[in-house]
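Structural characterization, general
Here is what each chain is made of, one letter per residue.
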Amino acid sequence: MVVRNASLALIVSLLAIGLTLAGLTRAAPLAVWNGLLRADALSALLLIVVAAHGLVTLAHGALRPWRVAAAAWLVGMATLQGHLAALGGLLVLAGLLQDTGSVDERPVWYRHVRRLAPLGVLAGLALVGMTGGAWNYGAPLAGAGLNSVSFALILVAALLALDAPALAGERALAGTPMVASGCLYVLVRLFSLGPWNLGWLFAALLMGGLVAFWAAWRAALAPAEQSAPWLNLSLSGMAITGVGLGSAAGLTVAGYVLLLWPVLRLGLERPVAGTRALWLLSAAVPLSGPFVAGWLAIAAATAGGLPALAVVLWLAALLMALPPARLALAPAVSSSSDGRVWLAAGCSAGLGLGAPLLLMALLAPVTVQLEGGLTPFGEIVVWPWAGLIVAFDTTRQPVATLPSLALVGLMLVLSALCRVALRLFALRER
Amino acid sequence: MGELPGALGLAWPRVILYPGGLFALVASYLLMRWLAACGGEPAWPAPPATPLDLVPPLAVLTLLPLAPARPFPFGLDLPVALVLLEWPRFRALAARDRAPAEALRDYALPLVAVLAIVVATGGLELAGLLRWPEAAPQRALLAVGAALWLLSLPRLLRAGPGGPAGALRALGLLLVGALPLLGALAAGAGQWLPAESAGWLVPPLAILGAALASGAAFRIPERRVGWIGAVGGAAVLALATYAASTVR
């Protein structure tokens, strides 16, 4: 109990650090010790995401809570490193600390692939440092060492950490979200080194789109109570697609999806079938977190001039909407508490309705600070007082609009009118 | 800050009269009668009418950019409109445990139509459907997109719930398909009709035209719809490639 409480306190403190840094780094990144420790809006976002994953893992009753706290802190501290080797090294340590997962249905070597995936990240980052001669990613010429091999190593490591090879197998496992988030962080961090070439963007788009659609398909086919790992993988695919778009809109998608990930894990990893709150974890419910994530992905792909990708992501969002809805409609089989599901539903509604504020407060600083490495193909702009989210293309023409608050206001008015009308009809029939 | 309450306050004719409210109720009833006459009644039973099912499609109808309704500053786009319109069907779909492949087959044609529309108009906004493009490839794409959208309606509407929510959904899907027709008619009528008169005359014509077209689509055998859809999809790909190659 003491170990569990201490782990909980450590992760909550990590969350507090993340929130504090999000406030401090909104205007500009912070750097100390010649840039060896560096914090910007992206680091703060990842600290929040990793701490949230830690809390969710504890809420699911982790067998070794101290390992969860240690891994969360290692990934969190990795995001604050300016030195490439320290960043990769801390991720490798976090990977080694994590559990190998369940023993079922996987060969032993495969179970170690995900925990060793950060080695690919370390190798990629070391190659960047050795080739360019600058080990601090904030240094002026740090991007000189970035080449296709280092990029490929980092992308493949991220896919391995996310358990993307499971798509070819029979079932996906719960995964190692903290280390996978860390690997995704490194992939996004490459924008700090400079713009990506078209080949890298295309590779990330292709892999991301493929993983998002394929995993959503597997989620829709799997029994609803086993769909959570597929949904997580599909969501991660959307994040990689967002990164591959290489635009401010794409990074907004990646950031939003990273924030949504722990919420889906909380509600769906050990689902309580028959709980109505599960509806709010379905992308089919307007203004829920998954709905906004799907909309952002479709809008970003359209803004980037890739309508075919937008259609693929649309299909993925459609398929992802099915399992939570099926779970919500399934007959209740256990008497276990559904408090976790209601909390996840509340967070999902908060992420959806509060998306304009979230985009402005947490994600806009990320895109502004990484602007030097991004393409101009798409931007998400928010008018928070009107709850309006608009995606603009490269010519600053609006391509998609989500009037969240106006829609909620209108639906409230319509609900009242419908209720009155239905009551009148019922009275007349009586 | 007062922009949002102000806009909602000025939207009451949309909510009560047109294109939501009274118009939506009457038009959806008439549309279902027409579709039933064309052999297009929904195969799924009608669930009891609840605000939960009625409100999302009604919200889309209320916010449709249809003249002569007063403009509303916060418009919708296709993904949001489709999610809201499909809400009654999705609830039924989740309860029925249908294979995901079937759901994908239902939405394949509408999504090809969306692809054509996005390439033609450069975006997903519903208001963009009203802008009849000047370039020929974009015009052809928008026309093919609208035709494919209307062609996809029989499959979508047959495999959906009936009742008031299903009727509002059907009307919403039909009106989305009518928007490009409205844009084309408005562009044509602009030369010989004053703008104010066009605002009153053209929308009913476009809606009527779309309803007749969808009624005709209901009479096409499903297998032939598949073939027409495949040819349309190929045409969309060819036109989209050509349109992309002509962009400077």
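The model shown is predicted, which means the values in this text are computed figures rather than measured ones. (Residues numbered from 1 in each chain as written. Chains lettered and ligands numbered in written order. Predicted model: local features only at pLDDT ≥ 70, side-chain atom pairs only at ≥ 80, totals over all residues. Heavy atoms only, no water.)

Turning to the pattern of salt bridges, a few remarks are in order. Within the structure shown, the criterion is met by nine salt bridges over all chains. Residues A:Glu379 and A:Arg396 are paired through a salt bridge, measuring 2.5 Å at the closest nitrogen-oxygen approach. Placement of the pair is A:Glu379 in strand β3 (residues 379-383) and A:Arg396 in the loop between β4 (388-392) and β5 (398-403), with a sequence separation of 17 residues. A residue is classified by how much of its surface remains accessible, and A:Glu379, at 34% relative accessible area, is partly exposed. Classification of A:Arg396 by relative accessible area gives partly exposed; the value is 46%. B:Glu86 is paired through a salt bridge with B:Arg89; the nearest N and O atoms lie 3.9 Å apart. Here the salt bridges share partners, and the residues they tie into one network are B:Glu86, B:Arg89, B:Asp106, B:Arg155, B:Arg169 and B:Glu222. (Salt bridge = Lys/Arg side-chain N within 4 Å of Asp/Glu carboxyl O. Helix = DSSP H or I, 4+ residues; strand = E, 2+ residues; numbered from the N terminus. Buried < 20%, exposed > 50% of the residue type's maximum accessible area, 1.4 Å probe, protein only.)

The next point concerns the layout of surface pockets. In this model, the largest pocket occupies a volume close to 1,200 Å³. Taken together, the elements giving at least two residues each to the lining of the largest pocket come down to α9 (198-221), α10 (228-245), α12 (289-303), β4 and β5 of chain A together with α7 (100-121) and α11 (222-246) of chain B. A breakdown of the residues in the lining of the largest pocket according to their chemical character gives 26 nonpolar, 15 polar and four charged. (1 Å grid on protein atoms, 1.4 Å probe; cavity = no way out; pocket = protein on both sides within 12 Å on 5 of 7 lines; lining within 4 Å. Points joined across faces, edges and corners; volume = space filled by probe spheres on them. Nonpolar A, V, L, I, M, F, W, Y, C, P; charged D, E, K, R; others polar.)

Another aspect to go through is unusual backbone geometry. A cis amide bond links B:Tyr18 to the next residue, B:Pro19, at an omega of 5°. With respect to the helices, strands and loops of the structure, B:Pro19 is situated in the loop between α2 (12-16) and α3 (21-37). Despite not being glycine, A:Leu287 shows a phi value in the positive range, around 70°. As for its position among the elements, A:Leu287 is in the loop between α11 (248-268) and α12. On the accessibility criterion, A:Leu287 (7% relative accessible area) is buried. Positioned with a positive phi, A:Arg396 is a non-glycine residue whose angle comes to about 65°.

This part is about the domain arrangement of chain A. Residue and element names in this part refer to chain A. Considered domain by domain, chain A is made up of domain 1 (1-194) and domain 2 (203-430). Taking only C-alpha atoms into account, the centre of domain 1 sits 24 Å from that of domain 2. Each partner contributes residues to the interface: domain 1 has 43 residues there, and domain 2 has 35 residues. Here domain 1 packs against domain 2, burying approximately 3,400 Å² in sum over the two surfaces, 76% of which is carbon and sulfur. Looking only at domain 1, the three residues that lose the most surface to domain 2 are His60, Leu167 and Phe191, adding up to 24% of its buried area. (Domains from an automatic or database assignment. Contact = heavy atoms within 4.5 Å. Buried area = accessible area lost by both parts, 1.4 Å probe.)

This brings us to the interface of chain A and chain B. Where interface size is quoted, it is often the accessible area lost as the parts come together. Chain A puts 47 residues into the contact, and the matching count from chain B is 47 residues. In total, chain A and chain B occlude about 4,100 Å² of area from one another, counting both sides; carbon and sulfur atoms represent 84% of this. Run the count over chain A and chain B and you get zero salt bridges. Our enumeration of links across chain A and chain B arrives at four residue pairs in polar contact (both at pLDDT 80 or more). (Polar contact = N/O pair within 3.5 Å; in protein donor to acceptor, adjacent residues only side chain to side chain.)

Of all hydrophobic cores here, the largest spans 256 residues; its most connected members are A:Trp196, A:Trp230, A:Met238, A:Tyr256, B:Leu64 and B:Leu126. Residue contributions to this core peak at 16 residues, all from helix α13 (residues 307-329) of chain A. If we skip the residues at most four places from it in the chain, A:Trp230 touches A:Ala166, A:Leu167, A:Glu170, A:Arg171, A:Ala172, A:Ala215, A:Arg218, A:Ala219 and A:Ala222. (Core = buried A, V, L, I, M, F, W, Y, C linked by side-chain atoms within 4.5 Å.)

Whether parallel or antiparallel, the strands of a sheet pair through hydrogen bonds between backbone atoms. Residue and element names in this part refer to chain A. Taken in spatial order, the three strands line up as β3-β4-β5 in an open sheet, and their pairing is antiparallel. What marks the edges here is a single partner per strand, and that holds for β3 and β5. Geometrically, the sheet is characterised by an average inter-axis angle of 20° between neighbouring strands, direction not taken into account. Sheet topology note: the β3/β4 ladder contains five bridges and is antiparallel. Looking across to β4, one finds that Val382 is bridged to Ile389. (Pairing = 2+ DSSP bridges. Axes fitted to C-alpha atoms, helices over the stretch in contact; angles between N-to-C directions.)

This next bit is on the packing of helix α3 (residues 65-78) of chain A against helix α4 (residues 84-97) of chain A. All names here are of chain A. Taken N-terminus to C-terminus, the directions of α3 and α4 make an angle of 165°; their axes are 8 Å apart at the nearest point. Overall, the two elements α3 and α4 adopt an arrangement that is roughly antiparallel. Considering only the axes of α3 and α4, their crossing is left-handed. Facing Trp66, Arg67, Ala70, Ala71, Leu74, Val75, Met77 and Ala78 of α3, the residues of α4 in contact are Leu87, Leu90, Leu91, Leu93, Ala94 and Leu97. The residue makeup of the contact of α3 with α4, split by class, is 13 nonpolar, no polar and one charged. (Parallel < 35°, antiparallel > 145°, perpendicular 65-115°, else oblique. Left-handed = near helix turned anticlockwise from the far one by under 90°.)

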